[in-house]
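# Overview (structure and organization)
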Amino acid sequence: MNPGVWWRKLRFRLQRARFEREMAEEMALHRELRTHRRFGNTTRPAEQSREVWEWAWLENLLRDFRLAARSLRRRPVFTAAAVLSLTLALGANTAVFSFVRGIVLKRLPVPGAERLVHIEQRNEMFHMDNCCFKFAFYEELRRRDTGLEDILGVSNPEAWLSDGETRERAGVELVSGNYFTMLGVRPAAGRLLSASDDRVENAAPVAVISHRLWRNRFAERPDTVGRTLRVNSDVYVIVGVAEPGFQGSSLHDPRDIFIPSAMVSRFLGVKREEAGWIMLLGRLRQGVSIETARARLNEVGRQVQKVTGPQMGPRDDFLVREAAQGLGKRKAQWGRAVLLLMLLVAVVLLVACANLSALLSVRGVERARDAGLRAALGASRAALVRQYLAEAFLLAAGGGALAWMLARVSIGPLLSLLGREGAALAPHVQPDPAVLAFLAVLTLASAALFGLYPAWRAARTLPLPSRAPRRPVFAALLAIQFALSLGLLYGAGLFAQTLRNLRGIDLGLDSGRVALVHLDLSGTVYEGARSADFLRRLAQEAQALPGARAASLSNLSVLSGSMQSIVLRLPGASTRPVTYFMGVSPGYFATLGIPLLGGRDFTPADRASSERPVIVNQQFARQYLNGDALGKVFAFGGNMPARVVGVAGTAKFRYLKEEPQPVMYLPLGETDDAWLHVRSTVPRAALDAQLRSLVASLDRRVAITRLTSLEAQIDDALARERLLAALASLLSGLAVLLAAIGLYGVLAFATASRTREIGIRMALGSARGSIARLVLTGSLRVVACGVALGLPLAWGCGRLAESVLYGLKAEDAASAAGALAVLLASALAASLIPAWRAARTDPASALRHE
Amino acid sequence: MSRDEIPPGTLEMLILRTLAAAGPLHGFEIAEAIEAGSCDVLRVEEGSLYPALQRLLVQGWVTGEWGRTAGNRRARYYQLTAGGRRQLEREMERYQRVSTAIARILAPAVKGASK
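The present account deals with the structure reproduced in this document. (Residues numbered from 1 in each chain as written. Chains lettered and ligands numbered in written order. Predicted model: local features only at pLDDT ≥ 70, side-chain atom pairs only at ≥ 80, totals over all residues. Heavy atoms only, no water.)

Below, the discussion takes up the overall build of chain A. Helix and strand content of chain A: 26 helices and 24 strands. The C-alpha radius of gyration computed for chain A amounts to 36 Å, which surpasses the reference 29 Å derived for 850 residues by more than 25%, pointing to a less compact arrangement than a globule. By residue count, 52% of the 850 residues in chain A fall in the buried class. Of the contacts made within chain A by residues no fewer than 6 positions apart, 80% connect residues no fewer than 24 positions apart. Working note: accessible area of chain A is about 38,000 Å², and carbon and sulfur atoms make up 58% of it. When the 105 positive and 72 negative side-chain charges of chain A are each reduced to one mean point, those points stand 10 Å apart. (Helix = DSSP H or I, 4+ residues; strand = E, 2+ residues; numbered from the N terminus. Rg over C-alpha atoms; globule rule 2.2 N^0.38 Å. Buried < 20%, exposed > 50% of the residue type's maximum accessible area, 1.4 Å probe, protein only. Contact = heavy atoms within 4.5 Å. Areas by Shrake-Rupley, 256 points an atom, 1.4 Å probe, with all protein chains shown as cover. Lys, Arg positive; Asp, Glu negative; His and termini not counted. Charge placed at Lys NZ, Arg CZ, Asp CG, Glu CD.)

Let us now look at the overall build of chain B. Scanning chain B from N- to C-terminus turns up 4 helices and 5 strands. Sequence-ordered secondary structure for chain B, helices as α and strands as β, is β-α-β-α-β-α-β-β-α. For the C-alpha atoms alone, the extent of chain B along its principal axes is close to 60 × 35 × 20 Å. For chain B, the proportion of its 115 residues judged to be buried stands at 40%. A separation threshold of at least 6 residues defines the contact pool for chain B, and within that pool the share at least 24 residues apart is 54%. Considering chain B, the positive charge centre built from 16 side chains and the negative charge centre built from 13 side chains are found 6 Å apart.

Turning our eyes to something else, we now look at a positive patch on the surface. All names here are of chain A. A cluster of like positive charges, contributed by R63, R66, R70, R73 and R74, occupies part of the molecular surface. Within the secondary structure, R73 is located in helix α4 (residues 56–73). Classification of R73 as exposed rests on a relative accessible area of 61%. (Patch = residues over 30% accessible without salt bridge, like charges linked within 9 Å, V, L, I, M, F, W, Y side chains within 5 Å. Salt bridge = Lys/Arg side-chain N within 4 Å of Asp/Glu carboxyl O.)

Moving on to the interface of chain B and chain A. Each partner contributes to the interface: chain B provides 26 residues, whereas chain A provides 21 residues. When residues of chain B are sorted by the area they lose upon contact with chain A, F28, E46 and V58 of chain B head the list and together hold 30% of the total. With a closest N to O distance of 2.3 Å, R73 of chain B and E32 of chain A form a salt bridge. There are 10 residue pairs in polar contact (both at pLDDT 80 or more) connecting chain B and chain A. For the side of chain B that touches chain A, the secondary-structure elements that each account for two or more residues are α2 (27–37), α3 (46–59) and β5 (74–80) of chain B. Broken down by element, the residue count for the side of chain B that touches chain A peaks at 10 residues, all from α3 of chain B. (Buried area = accessible area lost by both parts, 1.4 Å probe. Polar contact = N/O pair within 3.5 Å; in protein donor to acceptor, adjacent residues only side chain to side chain.)

Glancing now at the state of the cysteines. Residue and element names in this part refer to chain A. Under the criterion given, the structure shown has 1 disulfide over all chains. Two residues, C131 and C132, share a disulfide whose sulfurs are 2.5 Å apart. Negative torsions about the S-S bond denote left-handed disulfides, and the value of about -75 degrees found for C131 with C132 makes this one left-handed. For the unlinked cysteine C785, the closest cysteine sulfur is that of C797, found at 19 Å. Judged by relative accessible area, which is 43%, C785 ranks as partly exposed. (Disulfide = S-S within 2.5 Å.)

For the rest of this paragraph, the subject is the packing of helix α13 (residues 381–417) of chain A against helix α15 (residues 433–460) of chain A. All names here are of chain A. Where α13 contacts α15, the two axes come as close as 8 Å, and the packing angle between them is 150 degrees. Here α15 runs roughly antiparallel to α13, going by the angle between their axes. In this structure, the crossing between α13 and α15 has a hand that is right-handed. The class makeup of the residues in the contact of α13 with α15 is 21 nonpolar, 3 polar and 2 charged. (Axes fitted to C-alpha atoms, helices over the stretch in contact; angles between N-to-C directions. Parallel < 35°, antiparallel > 145°, perpendicular 65-115°, else oblique. Left-handed = near helix turned anticlockwise from the far one by under 90°. Nonpolar A, V, L, I, M, F, W, Y, C, P; charged D, E, K, R; others polar.)

Residues and elements named next belong to chain A. Under the counting rule described, the total for this entry stands at 22 aromatic pairs over all chains. When the centroid spacing of 5.8 Å and the interplanar angle of 55 degrees are considered together, the rings of F135 and Y138 count as tilted. Separated by 3 residues within a single helix, F135 and Y138 lie in helix α6 (residues 135–143), roughly one turn from each other. Looking at Y138, the relative accessible area reads 2%, which means it is buried. Ring geometry for Y580 versus F653: centroids 5.0 Å apart, planes at 20 degrees, classification stacked. Placement of the pair is Y580 in strand β17 (residues 578–584) and F653 in the loop between β21 (640–648) and β22 (663–667), with a sequence separation of 73 residues. The pair Y580 / F653 is uniform in exposure class, with both members buried. Cluster of aromatic residues (ring-pair linked, three or more members): Y179, F180, F246 and F258. For the cation-ring pair, R169 lies above W160, with the distance from its terminal atom to the ring centre recorded as 4.7 Å. (Phe/Tyr/Trp six-rings, centres within 6.5 Å; stacked < 30°, edge-to-face > 60°. Lys NZ or Arg CZ within 6 Å of the ring centre and 35° of its normal.)

A separate point is the pattern of salt bridges. This structure, assessed with the given rule, holds 44 salt bridges over all chains. Measuring nitrogen to oxygen at the nearest pair gives 3.0 Å for the salt bridge that ties R115 of chain A to E149 of chain A. Of the two residues, R115 of chain A sits in the loop between α5 (76–105) and β1 (116–123) while E149 of chain A sits in strand β4 (residues 148–155), which places them 34 residues apart along the sequence. Judged by its relative accessible area of 16%, R115 of chain A is buried. The network of salt bridges with shared partners includes R18, E22 and E26 of chain A together with R76 of chain B.

Another aspect to go through is helix α24 (residues 768–801) of chain A. Residue and element names in this part refer to chain A. An ideal rise of 1.5 Å per residue puts 50 Å on 34 residues; α24 measures up with 47 Å between its terminal C-alpha atoms. The sharpest bend along α24 measures roughly 30 degrees and falls at G790, with the proline P792 sitting one to four residues further on. Of all the residues in α24, the buried ones are I771, A772, V775, S779, V782, V783, G786, V787, G790, A794, G798 and A801. (Expected span 1.5 Å × (residues − 1). Bend = angle between axes of the 7 residues up to and from the residue.)

The geometry of a pair of packed helices is captured by two quantities: the angle between their axes and the separation between those axes. All names here are of chain B. Their axes nearest at 11 Å, the elements α2 and α3 cross at an angle of 115 degrees. Viewed along their axes, α2 and α3 adopt a mutual orientation that is roughly perpendicular. When you trace α2 past α3, the crossing you get is right-handed. Contacts between α2 and α3 pair G27, F28, I30 and A31 from the former with L49, Y50 and L53 from the latter. Of the residues belonging to the contact of α2 with α3, the class tally is 6 nonpolar, 1 polar and no charged.

Right, let's get into the pairing of strand β9 (residues 228–231) of chain A. Residues and elements named next belong to chain A. With burial as the criterion, only one face of β9 is covered, namely that bearing L229 and V231; the residues T228 and R230 on the opposite face remain uncovered. Judged from the 2 bridges that link them, strand β5 (residues 158–163) and β9 form a sheet pairing that is antiparallel. Counterpart to S162 in the pairing with β9 is R230. Sheet analysis places β9 next to strand β10 (residues 234–242), joined by 4 bridges and oriented antiparallel. Directly across from R230, in β10, lies its bridge partner V235. (Pairing = 2+ DSSP bridges.)

Moving on to the side chain of S38 of chain B. All names here are of chain B. Relative to the helices and strands, S38 is located in the loop between α2 and β3 (42–43). Given a relative accessible area of 15%, S38 falls into the buried group. A polar atom in the side chain of S38 sits 3.0 Å from the backbone nitrogen of L42.

Before going further, it helps to examine the environment of S803 of chain A. Residues and elements named next belong to chain A. Within the element layout of this structure, S803 appears in the loop between α24 and α25 (813–839). Not counting chain neighbours up to four residues away, the residues in contact with S803 comprise R336 and R720. Of note is the side chain of S803, whose polar atom sits 2.9 Å from the side chain of R336.

In short, the description is geometric, and any link to function would need to be established separately.
Structure (structure tokens):
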């Protein structure tokens, strides 16, 4: 259409009153001047003139929506209930979709991210996947034909960023020379790093910063390039700023400072050619599959490793994984749980749609007389369908708009359910335009889903009014709701039991009220031997705090997923097994509540002795020393002699779900960072304050990098299960409530329309009890259908969730029984009121009932 | 006195032509001008005149400005736009083509009758 015409018509719409006025005036003049002839009908020319200006389709549409709005206003309770249920269902879908988008769908913001692959190697001996390779291996591998276009190498240390007064933690990415060119990142200012920056070790102290850091720290000043940045104790020249949005090679672990890998010794304390420290990200050549690359890499990689080391075992395969999100593991960790949640909320939406479809159909029957009248007055079938659909769209639009607000406010609390992980995911889990588009599509789709059947039904029954609703369809709509609800309830039961089972795991330690403080001594005066003195003093002072029961130090914290392992040389053994180990200070076992089963704890004197005194756990004793460990001598690592002075109980080390693991405890030596553990009777918040001021009073320069508790640490480990359990219960509760409301609505209508029949039955001698039974059996039949449909569905859900269950199978009788009980109870509750009302029917008035 | 209705679709052309010849006119004057111009053969119904004027306004071929009549009454004066002039040319050309074609078909019958 001509834009001028559009514009003029639009102006007309906005100045309609003026148009009418001017038209009337114009015609009045005409009438006066033409005295010799009658003007005739004046309404019709005015109307025809007006029509010229109108958009016919728009007027029709607006009329449909006005009618729909009026009819919805007439039933405020129904309308409010419908909008509320849609708000909850659509809101839940929107909120969960923002998780799916942020965790599963998003990619690194670089071109060709879908072809990125992460290269690791299985390490049979240490039961883990090796993330890191030697630099020489990386350089040689890049030169070979591996089916990869190019490979980049990075390492991701945390560092202190300081400028005179303030010190803050910053994420650093040490990058190979080809990093920015391979990823296709452009500079926002200055230049990016190139191969020449990375050639000679420690030669070029230069850095590129992220756009975020440029904005937050330098206010995007153009003179930032050329200025210096103090990272740890070294000074780097800023040569450029990366493009906005680029935050390093791991989507969910943002980095702000990019430094050539030639500077690695400044961060990891090893020369570039030493040890294995570099992580590899490759990009597949166009048309090369990930399997081909894997096969190729296993062949070439082994050859290269023979030259560069380290020598790997025959079963230590190279692992090549899809890495559109870069190096991070959050998609692997959270993806399944998040998709399961998406499934759950989608089911809730289906329940809500089935529910509304049933309720709208019931209303349609109630309004059939009204519709018949309109049809008799000439309204077309299409016009009626349009009006009913308009109602559905209005309801959905109302629900959708409120759902957007609900989703926006619920994302925060949902993220906090994830504990520490939530904070890392927060920048990506956002109600952004893509999520809004998803909500819009979902809203329209649900309107069509729940609106089409009632509209079609209403049009089909014209012009004969008040034909009774077709029972099978109503029954089916209700049965579907109960079936889906049963599936959700079952899933909720499985997740709740999983969480309970995990909480019930015997940790082998007492996790109640133990505060954990992580201290970073790097860059302070407490380096080397002086750190041990400082830490010992700290532990002593902590023990003296009011309310403190015990305090001690270690170099890692249990149940956080972190670990260290080392090779053992046991007397008379041909193999060299591997054990977890950690350094602890005297009093560690008492602080954590791990029982000492034999021997003694460490003493401050232990550090000095040449034959290392060690404490092993019971699992270690059983597995490696025939259960009789005390006094035994063996060696570890590079032939370091050790004597067992104590045996401790076996406690969980890395994960809640792990099998008993052998652990060796060493006296805590010199260290740059340590965990202080304090068991106290003081409440958490007060204890945290005590510890902060204690550390500050000893030395302000020592930074507390984390302050948490053993319980919080365990909660973090259970974040996924807690999220699933909480949301599944909430959502299944919502679904059951909706199904019950649906059942109530349909039953209330059905009994009301059978008032006359019931009256006759009663007049013929039916007892009130039998009338109530009549209603109840009707509803029970529907619920039974729902259960028959729902049980296989529940089993299916269980199968899908199997990998996240713990301590129970996908087929769980207790969950099934619980789900059935809740379902039947709510169905019964929904049926009782209509049944009771039917039983109280007064036959005399019922027979007069029209 | 019997007068003929204007054939459908030609009223807009006549209005444009009238405005092109006479300059700004209000509704009544347009109707008068068309009727007078056709020696009172054609009759302009108010019921078609005003909707036709609205169509011309929507298309942007005429503009309407409020002014004063000789008798000092407020009236809307319609004026041709440049687009309206082009449209008039197009319409007249088309009308010429169609009426020539119709005349060609009717011609033998006319000849036969005159014999």
